[in-house]
2 protein chains.
Amino acid sequence: MSILVVGSVAFDSIATPFGKVDDVLGGSASYFSTAASFFTDVNLVAVIGDDFPREHIDYLKSRNIDLSGLQQSRGETFRWKGRYDYNLNEAHTLETHLNVFESFQPEIPQHYRNAEYVFLANIDPELQLEVLTQVSNPKLVACDTMNFWIDGKKDELIRTLGRVDILVINEAEVRQLANEPNLIKAAEIVRAFGPKILVVKRGEYGVLMFGEGSIFSAPAYPLEEVFDPTGAGDTFAGGFVGYLASTRNLSEQNLRKAIVFGTVMASFTVEKFSLDRLKELDYAEISDRYRKIKLLTDFADIE
Amino acid sequence: MSILVVGSVAFDSIATPFGKVDDVLGGSASYFSTAASFFTDVNLVAVIGDDFPREHIDYLKSRNIDLSGLQQSRGETFRWKGRYDYNLNEAHTLETHLNVFESFQPEIPQHYRNAEYVFLANIDPELQLEVLTQVSNPKLVACDTMNFWIDGKKDELIRTLGRVDILVINEAEVRQLANEPNLIKAAEIVRAFGPKILVVKRGEYGVLMFGEGSIFSAPAYPLEEVFDPTGAGDTFAGGFVGYLASTRNLSEQNLRKAIVFGTVMASFTVEKFSLDRLKELDYAEISDRYRKIKLLTDFADIE
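Residues numbered from 1 in each chain as written. Chains lettered and ligands numbered in written order. Predicted model: local features only at pLDDT ≥ 70, side-chain atom pairs only at ≥ 80, totals over all residues. Heavy atoms only, no water.

Enquirer: Help me understand the interface of chain B and chain A, please; the structure alone is not making it clear to me.
Expert: Much of the literature gives interface size as the accessible area that the parts lose upon coming together. Between chain B and chain A, the residue contacts involve 38 residues of the former and 38 residues of the latter. Between chain B and chain A, a total of about 3700 Å² is buried, with carbon and sulfur atoms accounting for 54% of that surface. Glutamate 225 of chain A serves as the salt-bridge partner of lysine 185 of chain B, at 3.1 Å between the closest nitrogen and oxygen. Only helix H6 (171–178), helix H7 (183–191), strand E13 (214–218), helix H9 (252–269) and helix H11 (283–297) of chain B provide two or more residues apiece to the side of chain B that touches chain A. Here the side of chain B that touches chain A takes eight residues from H11 of chain B, the largest share from any one element. (Contact = heavy atoms within 4.5 Å. Buried area = accessible area lost by both parts, 1.4 Å probe. Salt bridge = Lys/Arg side-chain N within 4 Å of Asp/Glu carboxyl O. Helix = DSSP H or I, 4+ residues; strand = E, 2+ residues; numbered from the N terminus.)

Enquirer: Would you explain the packing of helix H6 (residues 171–178) of chain A against helix H7 (residues 183–192) of chain A in this entry?
Expert: What describes two packed helices is the angle between their axes and the distance between those same axes. Residue and element names in this part refer to chain A. In contact at an axis separation of 9 Å, H6 and H7 are set at 65° when each is read in the N-to-C sense. When the axes of H6 and H7 are compared, the crossing they make is left-handed. Contacts between H6 and H7 involve Glu171, Val174, Arg175, Leu177 and Ala178 from the former and Leu183, Ala186, Ala187, Ile189 and Val190 from the latter. In terms of residue class, the contact of H6 with H7 is made up of eight nonpolar, no polar and two charged. (Axes fitted to C-alpha atoms, helices over the stretch in contact; angles between N-to-C directions. Left-handed = near helix turned anticlockwise from the far one by under 90°. Nonpolar A, V, L, I, M, F, W, Y, C, P; charged D, E, K, R; others polar.)

Enquirer: Looking at this structure, I do not really get the packing of aromatic side chains. What am I missing?
Expert: The relation between two aromatic rings is expressed through the spacing of the ring centres and the mutual angle of the planes. Inspection of the entire model under this criterion finds 33 aromatic pairs over all chains. Residues tyrosine 205 of chain A and tyrosine 205 of chain B carry aromatic rings whose centres are separated by 3.8 Å and whose planes lie at 10° to one another, so their mutual orientation is stacked. Here the residue tyrosine 205 of chain A occupies a position in the loop between strand E11 (197–201) and strand E12 (207–211), and tyrosine 205 of chain B occupies one in the loop between strand E11 (197–201) and strand E12 (207–211), the pair thus bridging two chains. A single burial state applies to tyrosine 205 of chain A and to tyrosine 205 of chain B, both of which are buried. Taken together, a centroid distance of 4.3 Å and an interplanar angle of 0° make the contact between phenylalanine 32 of chain B and phenylalanine 119 of chain B stacked. With phenylalanine 32 of chain B in helix H1 (residues 28–36) and phenylalanine 119 of chain B in strand E8 (residues 117–120), this pair connects stretches of sequence that are 87 residues apart. Residue class for phenylalanine 119 of chain B comes out buried when judged on its relative accessible area of 0%. Here lysine 279 of chain B stacks its cationic end above the ring of tyrosine 59 of chain B, 4.8 Å away from the centre of that ring. It is arginine 289 of chain B that lies over the ring of phenylalanine 268 of chain B; its NZ or CZ is 3.9 Å from the centre. (Phe/Tyr/Trp six-rings, centres within 6.5 Å; stacked < 30°, edge-to-face > 60°. Buried < 20%, exposed > 50% of the residue type's maximum accessible area, 1.4 Å probe, protein only. Lys NZ or Arg CZ within 6 Å of the ring centre and 35° of its normal.)

Here it is as structure tokens:
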């Protein structure tokens, strides 16, 4: 079952304590769709400028990602420049040039419109809602957001959340959105806005998933070398929604497996810059790491 | 099998966003021994002043804690005053009065000296080593430490660690002790100092245990009300070492169960001030919460 993803395709310039790159392929839709493509087909909607090189198009196509919805506009592609210190949990934005992304109006191609699985990456919540008016009757809508929209468009965001099944969001943003410091209480407040399932990303501390009367805790995969965390959250979402779409099963047990697959995918992304690690990844490595997370968390019941 | 614990007994004055208390029973040995007492007998070594009330003595005795090693000196009991903001992971120390604790010289009573399980709570690493010269041939030595000793007595600490089997320590302190920002690498560096097993406390993010070629990740128990985190780490250690001593089994699987019991005990301590929650706790609540952590982390294998 294919997924519709709407988000950004961008050029990132990144400095970490371990290296530095300029204008590499980035953006939420790039990470999401590449990760999801290990599990299912992906239909991508985003915008690029006329400076976007053929090689990236070719790569995304090679992953069976449908690019009919990738608009090319006159001007430059969205550019982000950031820096990380040894605390790799925190990105310091140095420059943001929205460029063609500033006037992005998602247009969903006809053959994407009956998508059963939809992922609304972190874009303006009004555009997220606009996307939902263009799809007929999705089985599952997941979305991401960020502090910028919680600050500036909270009402619009809450309206969008009313039509969302799964919200994937950072820990600090859950607290901010709920205006509640306790995470468990904050999760209930945010779930009351609409999403029956709330997935809270906690960086190197893993993920908490809140459902109706249940919580699932998954650790991050422990890595000796976290090279660049950029894209980890979108890669996580791609693995998570990708696995759900490929299995078409929204049971609690399958949602938990999907969380672990998302965790696995994110753990690869952070090992190299951009999509470099995903580009060389094969499915055997994914299942091997899944099993390692199982061993990492396993303990015996008591009588 | 009984445990020997050497640490502090103190009066704490604490303010959190949810309340305030003055001169309540605290100290590493109080929390540790009370938590461990749910699993096994405890022999306590600490010092109190002549201001220490009978009721606390009576309470500790009621938990089958042997107080032959509790020295009473002229002067005041150790006092700590601290404050927490909404970020309950971080304690702000307002006042520390070591009082009689300043000249504490642990003297291990004769009938404690063949203790098989020893816990050296967070005290001067030279005193920790001094304790080890007084015990004959323990089966397991676990210890805690803190940034103060890593800053001021690193060489002495490393000497002590050479005789320790399990180090229980905070995440930031592992990084500091190893002088290495990556936690996985830092853990290997610290294990090379002596402790075959390193238990890293991460507050609301749970615990990581590093052994030979294995890592175990346990989440914290998700609480709607974290009232006061004081004593959580020592309570964790008490549950952890207490369960190990009661089962006399140091297999990886049993160490993992012990970590979860430690987590369970800590989750109760933070629900109220001081030992108030542990005082009303029964074993059925402990096993119930153990099962809930099992459900919280459970997910299916892949084929």
